[in-house]
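Structural description and commentary
Below are the chains, spelled out letter by letter.
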Amino acid sequence: MTHLHPDRLFPASEPAKAIARELYPEVRDLPLICPHGHTDPSWFADNGRFSDPAALFLTPDHYVLRMLRSRGLSYDDLGVPRKDGKPVAKGRDAWRLFAANYYLFAGTPSKTWVDHSLNWAFGIEEELSPETADAIYDTIDAALATPELLPHALLDRARVEVIATTEFALDPLVHHQKMEQDGTIGRIRTTYRPDDVTDPSRAAIVENLQKFGEITGENITTWSGLINAHRNRREFFRRFGAVATDHGVPTANTADLSAPEKQALLDKVLSGRHDADDAELFRAQMMTEMALLSVEDGMVMQMHAGSRRNTDPLLMAERGTDLGADIPGTTDYVNGLKALLSRCGNEPNLRLITFVLDETTYARELAPMAGYWPSLMIGPPWWFHDSPQGIRRYLDQVVETAGFYNLAGFNDDTRALLSIPARHDVWRREVCGFLGRWVGENRITKSTARDVARHLSYQAAKDAYRIK
Amino acid sequence: MTHLHPDRLFPASEPAKAIARELYPEVRDLPLICPHGHTDPSWFADNGRFSDPAALFLTPDHYVLRMLRSRGLSYDDLGVPRKDGKPVAKGRDAWRLFAANYYLFAGTPSKTWVDHSLNWAFGIEEELSPETADAIYDTIDAALATPELLPHALLDRARVEVIATTEFALDPLVHHQKMEQDGTIGRIRTTYRPDDVTDPSRAAIVENLQKFGEITGENITTWSGLINAHRNRREFFRRFGAVATDHGVPTANTADLSAPEKQALLDKVLSGRHDADDAELFRAQMMTEMALLSVEDGMVMQMHAGSRRNTDPLLMAERGTDLGADIPGTTDYVNGLKALLSRCGNEPNLRLITFVLDETTYARELAPMAGYWPSLMIGPPWWFHDSPQGIRRYLDQVVETAGFYNLAGFNDDTRALLSIPARHDVWRREVCGFLGRWVGENRITKSTARDVARHLSYQAAKDAYRIK
Amino acid sequence: MTHLHPDRLFPASEPAKAIARELYPEVRDLPLICPHGHTDPSWFADNGRFSDPAALFLTPDHYVLRMLRSRGLSYDDLGVPRKDGKPVAKGRDAWRLFAANYYLFAGTPSKTWVDHSLNWAFGIEEELSPETADAIYDTIDAALATPELLPHALLDRARVEVIATTEFALDPLVHHQKMEQDGTIGRIRTTYRPDDVTDPSRAAIVENLQKFGEITGENITTWSGLINAHRNRREFFRRFGAVATDHGVPTANTADLSAPEKQALLDKVLSGRHDADDAELFRAQMMTEMALLSVEDGMVMQMHAGSRRNTDPLLMAERGTDLGADIPGTTDYVNGLKALLSRCGNEPNLRLITFVLDETTYARELAPMAGYWPSLMIGPPWWFHDSPQGIRRYLDQVVETAGFYNLAGFNDDTRALLSIPARHDVWRREVCGFLGRWVGENRITKSTARDVARHLSYQAAKDAYRIK
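Computed from a predicted structure; not experimentally measured.

**Some words on the pattern of salt bridges**
Enumeration according to the criterion identifies 142 salt bridges over all chains in this entry. Residue Lys446 of chain B pairs with Glu22 of chain B through a salt bridge whose shortest N-O separation is 3.0 Å. Here Lys446 of chain B, found in helix α21 (residues 446-464), pairs with Glu22 of chain B, found in helix α1 (residues 16-28); they are 424 residues apart in sequence, far enough to count as distant. Residue Glu22 of chain B is classed as partly exposed on the basis of its relative accessible area, which comes to 34%. Between Lys462 of chain C and Glu161 of chain C there is a salt bridge whose closest N-O contact spans 2.7 Å. Taken as a pair, Lys462 of chain C in helix α21 (residues 446-464) and Glu161 of chain C in strand β2 (residues 160-164) lie far apart in primary sequence, 301 residues in all. The class of Lys462 of chain C is buried, set by a relative accessible area of 14%. Among the residues examined, Glu161 of chain C registers a relative accessible area of 27% and is labelled partly exposed. Put simply, Asp76, Arg82, Asp84, Lys86, Glu318 and Arg319 of chain A are held in one network by salt bridges that share partners.

**Digging into the interface of chain B and chain A**
Taken together, the contacts link 37 residues of chain B with 50 residues of chain A. Taken together, the two surfaces of chain B and chain A that pack against each other cover about 3,300 Å², and 54% of this comes from carbon and sulfur. When residues of chain B are sorted by the area they lose upon contact with chain A, Arg364, Tyr372 and Glu400 of chain B head the list and together hold 23% of the total. The interface formed by chain B and chain A holds four salt bridges in total. Put simply, Asp358 of chain A and Arg364 of chain B hold a salt bridge, and the shortest N to O gap is 3.0 Å.

**Considerations on the relation of the copies chain B and chain A**
For the pair chain B and chain A, the best superposition has an RMSD of 0.0 Å and corresponds to a rotation of 120° with a translation of 0.0 Å parallel to the axis. Here the two chains are linked by the operation of a three-fold rotation axis. Here only 8% of the contact residues of chain B are again contact residues in chain A; the copies associate through non-equivalent surfaces.

**Remarks on the pairing of β2 of chain C**
Residue and element names in this part refer to chain C. The buried fraction of β2 amounts to four of the five residues, a majority that puts the element mostly inside the structure. Where strand β1 (residues 32-34) lies against β2, three bridges are found, and the strand directions are parallel. Among the inter-strand pairings, Ile33 is bridged to a residue of β2, identified as Val162.

**Considering the sheet that holds strand β4 (residues 188-189) of chain A**
All names here are of chain A. Judged by pairing direction, the sheet is parallel, and its three strands sit side by side in the order β1-β2-β4 without closing on themselves. Strands at the two margins of the open sheet, each flanked by one partner only, are β1 (32-34) and β4. Packed onto the sheet, helix α20 (residues 420-440) meets β1 and β2 (160-164) and runs at close to 105° relative to β1.

**A closer look at the environment of Pro374 of chain A**
As for its placement among the helices and strands, Pro374 of chain A is situated in the loop between α18 (361-370) and β11 (376-378). Remark: the alpha-carbon pair of Pro374 of chain A and Ala279 of chain A, spanning 95 residues in sequence, is separated by 29 Å. Among residues more than four places away in sequence, those in contact with Pro374 of chain A are Gly345 and Asn346 of chain A together with Arg69, Ser70 and Gly72 of chain C.

**Here we look at the nonpolar core**
Ranked by size, the top nonpolar core spans 160 residues in total, and within it Phe122 of chain A together with Leu435 of chain B carry the most contacts. Top element by residues in this core is helix α20 (residues 420-440) of chain B. It accounts for nine residues. Among residues more than four places away in sequence, those in contact with Leu435 of chain B are Leu23, Phe404, Ile444, Ala449, Val452 and Ala453 of chain B.

**Description of α21 of chain B**
What sets the pattern is the α-helix's 3.6 residues per turn: residues three or four places apart point alike. Largest kink in α21 of chain B: about 55°, centred on Leu456 of chain B. Taken as a whole, α21 of chain B has its buried residues at Ala449, Val452, Ala453, His455, Leu456, Ser457, Tyr458, Ala460, Ala461, Lys462 and Ala464 of chain B.

**Topic: the interface of chain A and chain C**
Note: interface size is frequently given as the accessible area lost on complex formation between the parts. Taken residue by residue, the interface counts 37 residues in chain A and 50 residues in chain C. Across the chain A to chain C interface the summed buried area is about 3,300 Å²; carbon plus sulfur atoms make up 54%. Its largest share of buried area at the contact with chain C, chain A owes to Arg364, Tyr372 and Glu400 of chain A, together 23% of the area lost on that side. The tally of links between chain A and chain C comes to four salt bridges. Viewed at the interface, chain C and chain A are joined by 20 residue pairs in polar contact (both at pLDDT 80 or more). Among the secondary structure elements, those contributing two or more residues to the side of chain A that touches chain C are α18, α19 (388-402) and α20 of chain A. Of the residues assigned to the side of chain A that touches chain C, the class counts are 16 nonpolar, 13 polar and eight charged.

Rules used throughout
- Residues numbered from 1 in each chain as written.
- Chains lettered and ligands numbered in written order.
- Predicted model: local features only at pLDDT ≥ 70, side-chain atom pairs only at ≥ 80, totals over all residues.
- Heavy atoms only, no water.
- Salt bridge = Lys/Arg side-chain N within 4 Å of Asp/Glu carboxyl O.
- Helix = DSSP H or I, 4+ residues; strand = E, 2+ residues; numbered from the N terminus.
- Buried < 20%, exposed > 50% of the residue type's maximum accessible area, 1.4 Å probe, protein only.
- Contact = heavy atoms within 4.5 Å.
- Buried area = accessible area lost by both parts, 1.4 Å probe.
- Least-squares fit on C-alpha atoms with pLDDT ≥ 70 in both.
- Pairing = 2+ DSSP bridges.
- Axes fitted to C-alpha atoms, helices over the stretch in contact; angles between N-to-C directions.
- Core = buried A, V, L, I, M, F, W, Y, C linked by side-chain atoms within 4.5 Å.
- Bend = angle between axes of the 7 residues up to and from the residue.
- Polar contact = N/O pair within 3.5 Å; in protein donor to acceptor, adjacent residues only side chain to side chain.
- Nonpolar A, V, L, I, M, F, W, Y, C, P; charged D, E, K, R; others polar.

Set out below in structure tokens:
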């Protein structure tokens, strides 16, 4: 099985390769800590079977879809649902098209994840290709009907110790309520992502804020009432295991306005008369408010900054969000985080984990900042950068200034349940490879490498997210 | 000949080195596809002899000149012509100065190209130095008088299958007209580069636009007439083999204005009352217009963005353009290309190849964009980045997200005919080295590496430029 | 002593490792040229003993302090003095805390420097740890009382040929005056850093400018008088060995205003009515003025651009500057240096050395600019980037375009006398490793590598700073 080599991703040359091979077995089977991701909570609440192979591997995976589109394939032919309900390709047809173009993924993390998942979950040894497409489809389809492929069985098999889903502030958490009754909260947790009530660029923002007031019983027309609503809702989310909040923002901007300025801004947003600058300022102020609430309640704050969302209006009109048209842009953390950090960056209870799409900030901004502020940690390589080369650039640029212990370990940030072990495995292999190279250069001892490998593979994420 | 080692640029260590050495012979002798460059069409029309060695290697090579200037040598002493006609150094004197300072080029691609060219074209085995300067000069000078050194013989020897020159919109293409009669169009092609009529920051823009109207018979005082003039001229260029257009722009900005806005902008430009912002907006709108014409006629659109031209006013006043004082700056592709891509980014007939001077955009913007938009491909490393390390940074940062098949292969982009084989050779060696490392890390199979090496060395450029 | 391996930092694999090991002994013991740094001139004037180990290694080292703070340790417990005079931890207690947390520095240059210094200066073979903390403290403390640890003895032992300190324009240079009498000026030199009179964002700027007029006897209320004051003061500094000026600026901006504009700007600053934009413009104009004075007097101009200073207001209020809260930001050299270079960038007497915190400018801006302008050289990796990976990224990105001979060699830029040999050693090892890799790839000959290694380790700095 040359496409899934046991030594894959390890350094090519000795002695680094041998050292990586020595380190890897010590971390390979450690439990998985998954404190940030986008799996569907209904899977874990209902523990039902997954539908067909295409629905599992193809249509929900924006990494895979985007690559195929980039080479001229149509989303109709790949079975991606349309808003207008017009028919799109069926599972097996879409799967065959995927297989016929699978060569396009040479060298991409998508291929690594799919190859790994096919092998790990279904025991498939052959590489996906036009020749193997149907047989692999049938193998998967048959396996999906077995108990071994049900969500909880998969969590067990993958040694998932903790996994967090992500829900908006207005989400009623019905699946988590069921899990509470089932006693699975703790292994499975929600995350508080209040973008639906903190981002005034959303069309429904006024309506959302009104709902937010209703479900929390707070008067969201005053700033203090709005903050109370968050305070209340954060507590509700914590009941379902939430240890963290998450914030998807186009920039890293934060603000620290006076009380009258805040109220005036809220008034404007509630009146629907706000413009793009107002929306940016509201988001920026909300970041600082969330930090102050974290100082109160100890929830870990995550900032996912820098994505330009929905850059293709045609795709958006035809099929909606999260299908590949989100593109990173430059991000300024030094000026952006200034207001927040000046306000509460030295608070012992604050923890802010940053996720980065603009790699130029690793060495220039984030590593120096995380190597100074007690509240700041650097999240793992994110999105397009969660790849072997991305991890190498990350470690290359952050470790010397931030050290190993200001890193938040790994998280998979995925919608694709089956890819979770594959993603953690790539991280662990790359960490071992990185450390193998540094031991090979006599920069750290093998004993230190062993400690760091275990830390970054497991404990770092638990510590960073304060998971007991 | 230690300075031109047969294994140069291959990975230092095994097993990557052996794999690269195994891949390289399969691509080394593939024909050269040169779809973008700046060779002089009169060479191919007239097939006359090149003049002296300095005029071949030194005075037209801004890479070489700039380095010598940076260490205090004067352009007078290097024989670079002056606008005021004052005498400058003669060929052999300039050559000796070049040789005496050739050690400055250690580690630069310029040295690789010169070393390779001296050996390939003239059979010279010695390294250029003060000691060998005269003998090498004499060898070159003698060889230039032989038929083997005539332009077409050099194309044959270099296995050039296709080579494109680049001409402005107003260029009468007299050399290409001669080549049409000679039957060499097809192997040699022009490229439509309408900067002379799309860039209002040029002093002669009004005059140029008027000429443009005259030679096309269109009324360029209306926007639709102006576009018709382009439509007409593009057709004229296609008669001489053009498969592509090219656009040198300081930023990646594009625009999609309303008809009245476009006409108002054109009126302003034609009146000569436009300012720098107007010029930028005109260029930006013209990029979208060119894309729309590509949708019509299928010509491949090339965008060379990000150079700050003529940053030394003294040089500009003394000797003119293209002598080393052009410096890259930051470029924003996400926001810049938004208008164009929103307008026609999903059109199957559009192909836009971007060339990059701001490497921070590789992983952050270009690879994600090329990995989504069917119309977008990433051009090879350009200008200062067309170097071994530049190629490594490029492949490191684009492949995982864009894959290998959204890359436009290689082109040499050179004015220096003799350096063409050297440049393609560096690319092929680096591709083999890159793939050798990845096979060595068991990330791709050797069979995949073989396919990719051949693709990136030859077919990718033909496909990208739609060369039949 | 596995934590300080004789082959540390060399490439892990052959043949690069063997080549690096062959090159290194040729440069290891070359004298140290230290043309830029922040050691305390009183050490060299008085040649007195250093106080306790914590005061030597811990409290003045912002790299070490910031990392400990980032993991939640308090500056009080680390013995960092407070402005309010409240007591902080004593030396040995702070030292124990440092030792207990020394594992945090795994993989950082700080650890390399401390490990090397403990061994080099005190013969300590054990790694710092909770177990060894007291013994190492005692060893250091005892050694500090011996003549071998006095400043001049340390300079001798470290083979320091030249070392420059850095003083503000208003500094009376009393220590250097003593050194002049002692005959040690020449080995020890000052550097003219006039930020105290060129940066109007300083609270005391008006007062400082008035003092500047007094000590120079010039009328600083006119622009020409102000420039005369600098002319005068630069001459005074040269008396004490100064070969260079240094400028710490938030951006790389320069300006070239008309005489009336300059006078109006000065009037505004002297009246105290200037805002942030005025301050920036004043600094920008002053950079060009300093360049013009360098054209006159031949002093080498250093620009340290891009640091956002004092980003933590709490730290600033509690303890002051230079304690870890300075963070790099983006820098634009192409547009920033335009005014200065257009004015005098071709002057043979001008030399401008740039230091970089924004690594994205290496390949995009600085290497192309230094590879063109005769006046421009690239300084060594600075601050957070003065590290093994930082040096690799630097050489990777500058050499191909700027060559080896537009680099200013190395300088240590440190306040920590004992770390000077360690820092030069890291540079020399990394240079040998870099060259070893390139020889291993057959890109340069071993003979060239030998020349370059010696040049970058010693002569480059002497040449760049015009030290006779």
